[in-house]
Amino acid sequence: MTRIVIIGGGPAGYEAALVAAQLGAEVTVIERDGIGGASVLTDCVPSKTLIAAAGTMTSVRDSGVLGLRGAELATVNLELASVNSRVKGLAMAQSADIHARLTAEGVRIVAGQGRLSDELRGLAAHRVQVVDVEGNVAEELEGDVVLIATGADPRVLPGAEPDGERILDWRDVYDLEEMPEHLVVVGSGVTGAEFASGYLEAGVPVTLVSSRDQVLPGEDADAAAVVEKVFQSRGGKIAERGRAASVKRTEKGVLVELTDGRTVEGSHALMTVGTVPNTAGVNLEQCGVEVTGSGHVVVDRVSRTSVPGIYAAGDVTGVFQLASVAAMQGRIAMWHALGEAVAPIKLKTVAANVFTHPEIATVGVQEKSLPDATDVDVVRLPLATNARAKMGDLHDGFVKLFARRSTGVIMGGVVVAPGASELVLPIALAVTKGLTVADLAQTFAIYPSLSGSITEAGRRLMGADHLA
Ligand SMILES: Cc1cc2nc3c(=O)[nH]c(=O)nc-3n(C[C@H](O)[C@H](O)[C@H](O)COP(=O)(O)OP(=O)(O)OC[C@H]3O[C@@H](n4cnc5c(N)ncnc54)[C@H](O)[C@@H]3O)c2cc1C
Ligand SMILES: NC(=O)c1ccc[n+]([C@@H]2O[C@H](COP(=O)([O-])OP(=O)(O)OC[C@H]3O[C@@H](n4cnc5c(N)ncnc54)[C@H](O)[C@@H]3O)[C@@H](O)[C@H]2O)c1
């Protein structure tokens, strides 16, 4: 029986464990914090739960235009204690579900910190020590295959170290007892934009410190512009091209000093300036596992590292930091290691979503990554022209589709809309399966529906002469 040792129990680790157990391997997962990993316990699941509550509050507040009446509409509020306890309860319950599923599949779960302990390089099997909270080696395991799935932690900006009270990282926010009076979010990547949008929707005044030319530098400019416009129309402020040099505590709250001399005051600062891979103390370099300058483990498309028998998956590899990608890298590692048919990961088929208001969902090529713009047709349909959107009073957003001009094959799409995360699936399916604009155009969409804009985009592109 092949022995698999997995270090880290997040989506990369637990999904890999499930595949390996299904294929008959003897599987051990070493996890230091809790099964489900940061994804379930502190990052993805908690943030989306908070955003769900804040979004619902805004929907109720905004519902006057639909004809809803009631004195309490405009004053509806979030009770932070209830939201926090729901967030934590939901995370713990999901972690417990995954724990139970792994145990039922015969996976052994060991609490502790895992580290490679190979004494010699080039051996067929690898050794992994489990270190307990006191720092003692509790046991040493031998694995034919080891998967490094240790994830990533928040990056700390020197001079702006979180104190858990006023200067926070995104894992501290669920311990706040009161809503911030004025939240300064430092960093406008996906994490920063989501929290800025979420807290604003929850009724908190927010200033977003954005070091780049646009918030969400990874997204197309037109998509980021919609999110910026909605954020500002709700009273959110953006300190444009502002790079934080330090964050200091003041009598009333915090003072964020920018590198150009500007300052931003608030009651709390939320640091969202990126992540660092969890590789410290895992003994990667000593075992010959290649890491990049940023500390990420170098992997190929089937999750192999530079050392035979050692695989890596998830945020620790720095390949698209998404729970879905982490899980797929983990599964691929196990399929490959255990001799199952496997296709290398295909990043151009990955769908991603930014949970702002409105959401931005993307798959495949986007404007900023067009390989050869001369052979690509693009159509952009504003949400405001969609009948269903009008019924729900949705103005801000669009559906954008990219297709290869010569063949009509759909290459990618961007959906900016409330619920874009649900709407992007047909485009993801089209990109994954190489479907054409005609395939989309001839698909029945419900009338009226937001997804009708996706099939309509297919029809618009189909009208191009060269496809006649
Ligand atoms: C605020 C936020 C929101 C996000 N929202 C989304 C989202 O909506 N959708 C999405 O797809 N992605 C989202 N992500 C990204 C997603 O959370 C990550 O891509 C995902 O967690 C990666 O999974 P992983 O298994 O690689 O790592 P993790 O989930 O970080 O799990 C790794 C686990 O390994 C443990 N560990 C580390 N070192 C050791 C060791 N030496 N021994 C034992 N255990 C160890 C850690 O404690 C952790 O539990 C979000 C990220 C953030 C920061
Ligand atoms: N919905 C989702 O799927 C989701 C949600 C959150 C995070 N994630 C993923 O997690 C990963 C990390 O995202 P992230 O947003 O935490 O990090 P990031 O590295 O993507 O963004 C951090 C931002 O902070 C800025 N920054 C750095 N130093 C700064 C400073 N001193 N002052 C002001 N700004 C500064 C950077 O320019 C960058 O734009 C990404 O790959 C992201 O896609 C995904």
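For clarity, every value in this text was computed on a predicted model and none was experimentally measured.

## Examining the sheet that holds strand β16 (residues 268-271)
Then step 1. Sheet architecture is open: 5 strands sit in the order β9-β16-β10-β11-β12, paired in parallel fashion. Each edge of the open sheet is held by one strand with a lone partner, namely β9 (167-169) and β12 (237-240). Taking the axes of each pair of neighbouring strands and ignoring which way they run, one obtains an average angle of 25° across the sheet.
Then step 2. Sheet topology places strand β10 (residues 183-186) next to β16; 4 bridges connect them, and they run parallel. Residue pairing for β16: V186 is matched across the bridge by M271.
Then step 3. In the packing of helix α5 (residues 190-201) onto the sheet, the strands contacted are β10, β11 (206-210) and β16, and the crossing angle to β11 comes to about 165°.

## Notes on the UniProt feature "domain: Pyridine nucleotide-disulphide oxidoreductase dimerisation" (unreviewed entry) in the protein
Then step 1. The sites that carry the UniProt feature "domain: Pyridine nucleotide-disulphide oxidoreductase dimerisation" (unreviewed entry) are, in the present numbering, residues 351-457.
Then step 2. Within the segment residues 351-457, helix and strand shares are 27% and 30% respectively, and the terminal C-alpha atoms sit 18 Å apart.

## Points about the site of ligand 1
Then step 1. Neighbouring ligand 1 are 36 residues, the closest being E31, D33, G114, D315 and A323.
Then step 2. Between ligand 1 and the protein, one listed contact pairs an oxygen atom with a backbone N or O atom of A323 at 2.9 Å.
Then step 3. Taking 1,000 Å² as the accessible area of ligand 1 by itself, protein coverage stands at 93%.
Then step 4. Every element with two or more residues in the shell around ligand 1 is listed here: α1 (11-22), β2 (26-31), α2 (37-41), α3 (44-61), β4 (113-116), α5 and α7 (323-337).
Then step 5. Looking at the shell around ligand 1, its residues break down into 14 nonpolar, 16 polar and 6 charged.

## Some words on a nonpolar patch on the surface
Then step 1. Residues V65, L66 and L68 make up a contiguous nonpolar surface patch of roughly 280 Å² in combined accessible area.
Then step 2. By the secondary structure assignment, L68 is in the loop between α3 and α4 (80-104).

## Observations concerning the domain arrangement of the protein
Then step 1. What the domain assignment lists for the protein is domain 1 (3-153 + 276-345), domain 2 (156-273) and domain 3 (358-463).
Then step 2. The straight-line distance from the C-alpha centre of domain 1 to that of domain 2 is 27 Å.
Then step 3. In this complex, domain 1 contributes 20 residues to the contact, which on the side of domain 2 involves 17 residues.
Then step 4. On inspection of domain 1 and its partner domain 2, the count reaches 5 salt bridges.
Then step 5. A salt bridge links D153 to R171, with the nearest nitrogen and oxygen atoms 2.7 Å apart.
Then step 6. Our enumeration of links across domain 1 and domain 2 arrives at 13 residue pairs in polar contact (both at pLDDT 80 or more).
Then step 7. Of all the secondary structure elements, the ones that give two or more residues to the side of domain 1 that touches domain 2 are α3, α4 and β8 (152-154).
Then step 8. The greatest single-element share of the side of domain 1 that touches domain 2, amounting to 9 residues, is contributed by α3.
Then step 9. For the side of domain 1 that touches domain 2, the per-class residue count stands at 10 nonpolar, 5 polar and 5 charged.

## Some details on the side chain of E15
Then step 1. By the secondary structure assignment, E15 is in helix α1.
Then step 2. One polar contact links E15 to R331, side chain to side chain, over a distance of 3.4 Å.
Then step 3. Aside from chain neighbours lying at most four places away, what touches E15 is G10, A327 and R331.

## A look at the UniProt feature "binding site: FAD" (unreviewed entry) in the protein
Then step 1. Under the local residue numbering, the UniProt record ascribes the feature "binding site: FAD" (unreviewed entry) to K48, G114 and D315. With a sequence span of 268 residues, these residues are also far apart in the fold, their greatest C-alpha distance being 29.2 Å. As for the annotated residues, the ones lining the second largest pocket are K48.
Then step 2. In this fold, G114 is placed in strand β4.
Then step 3. Overall, G114 belongs to the buried group, its relative accessible area being 5%.
Then step 4. Excluding its chain neighbours within four sequence positions, the residues that come into contact with G114 are I7, I30, V128, Q129 and V282.
Then step 5. Assignment of secondary structure puts D315 in the loop between β18 (310-312) and α7.
Then step 6. The exposure class of D315 is partly exposed, given its relative accessible area of 23%.

## Here's the deal with helix α12 (residues 452-462)
Then step 1. For α12, the full list of buried residues reads G452, S453, I454, T455, A457, G458 and L461.
Then step 2. Residues of α12 that are buried make contact with β21 (376-382), β22 (398-404), α9 (420-423), α10 (425-433) and α11 (437-441).

## What to know about the site of ligand 2
Then step 1. Residues in contact with ligand 2 amount to 22 residues; listed here are only the nearest, T191, E194, S211, A244 and N353.
Then step 2. The side chain of S211 places a nitrogen or oxygen atom 3.1 Å from an oxygen atom of ligand 2.
Then step 3. The backbone of N353 places a nitrogen or oxygen atom 2.8 Å from a nitrogen atom of ligand 2.
Then step 4. In isolation ligand 2 has 850 Å² of accessible area, and contact with the protein removes 79% of it.
Then step 5. With 3 residues, the single largest contributor to the shell around ligand 2 is α5.
Then step 6. Its residues placed into classes, the shell around ligand 2 shows 8 nonpolar, 9 polar and 5 charged.
Then step 7. Two domains each put at least three residues into the shell around ligand 2: domain 1 (3-153 + 276-345) and domain 2 (156-273).

Conventions we followed
- Residues numbered from 1 in each chain as written.
- Chains lettered and ligands numbered in written order.
- Predicted model: local features only at pLDDT ≥ 70, side-chain atom pairs only at ≥ 80, totals over all residues.
- Heavy atoms only, no water.
- Pairing = 2+ DSSP bridges.
- Helix = DSSP H or I, 4+ residues; strand = E, 2+ residues; numbered from the N terminus.
- Axes fitted to C-alpha atoms, helices over the stretch in contact; angles between N-to-C directions.
- Contact = heavy atoms within 4.5 Å.
- UniProt positions renumbered as here; feature names shortened; annotations may be inferred.
- Near = heavy atom within 4 Å.
- Polar contact = N/O pair within 3.5 Å; in protein donor to acceptor, adjacent residues only side chain to side chain.
- Areas by Shrake-Rupley, 256 points an atom, 1.4 Å probe, with all protein chains shown as cover.
- Nonpolar A, V, L, I, M, F, W, Y, C, P; charged D, E, K, R; others polar.
- Patch = residues over 30% accessible without salt bridge, like charges linked within 9 Å, V, L, I, M, F, W, Y side chains within 5 Å.
- Salt bridge = Lys/Arg side-chain N within 4 Å of Asp/Glu carboxyl O.
- Domains from an automatic or database assignment.
- 1 Å grid on protein atoms, 1.4 Å probe; cavity = no way out; pocket = protein on both sides within 12 Å on 5 of 7 lines; lining within 4 Å.
- Buried < 20%, exposed > 50% of the residue type's maximum accessible area, 1.4 Å probe, protein only.

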